[in-house]
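Topology and contacts: notes
Now for the letters of each chain:
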Amino acid sequence: MALQICPKCKENSFTWFINGKSHLTVWSCFNCDYEAKESESEKYICENCGNKTKTKLKDKETEYFWCSDCNTTSEL
């Protein structure tokens, strides 16, 4: 599994795992310990790169869109 750019610290250390209890996809950063959950499994087309790699992430404070291909974030 390839590492992604973390939306918080901008380092190439963001990866995911499936939570065994809730079966949700959880994204976490090895560099800054940031963690966010995918709020749904559906992917959207990113307006920036045109690929269907945009998903909703939710952390303790914010819910937002994040594109795993071009590493951009946008508000809901």
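What you see is a predicted model; the values in this text were computed from it and never measured.

Procedures and definitions
Residues numbered from 1 in each chain as written. Predicted model: local features only at pLDDT ≥ 70, side-chain atom pairs only at ≥ 80, totals over all residues. Heavy atoms only, no water. pLDDT = per-residue confidence, 0-100. Helix = DSSP H or I, 4+ residues; strand = E, 2+ residues; numbered from the N terminus. Core = buried A, V, L, I, M, F, W, Y, C linked by side-chain atoms within 4.5 Å. Buried < 20%, exposed > 50% of the residue type's maximum accessible area, 1.4 Å probe, protein only. Contact = heavy atoms within 4.5 Å.

Here the protein shows a mean pLDDT of 92. Residues at 70 or above account for 99%. Element-level mean pLDDT values for the protein span from 92 in strand β7 (residues 73-75) up to 96 in strand β6 (residues 63-67).

As a further point, take the nonpolar core. With nine residues, the main nonpolar core is built from Cys6, Phe14, Trp27, Cys29, Tyr34, Ala36, Leu57, Tyr64 and Trp66. Contributing elements (two or more residues each) for this core: β3 (25-29) and β6. Discounting residues that sit within four places of it in the chain, Leu57 has contacts with Phe14, Trp27, Ala36, Lys37, Glu38, Ser39, Thr62, Glu63, Tyr64 and Trp66.

What follows covers unusual backbone geometry. At Lys10, a position not held by glycine, the phi torsion is positive, near 65°. Inspection of the secondary structure assignment puts Lys10 in the loop between β1 (4-5) and β2 (12-18). Positive phi, close to 60°, is recorded for Asn71, a residue that is not glycine. By the secondary structure assignment, Asn71 is in the loop between β6 and β7. Residue class for Asn71 comes out partly exposed when judged on its relative accessible area of 25%.

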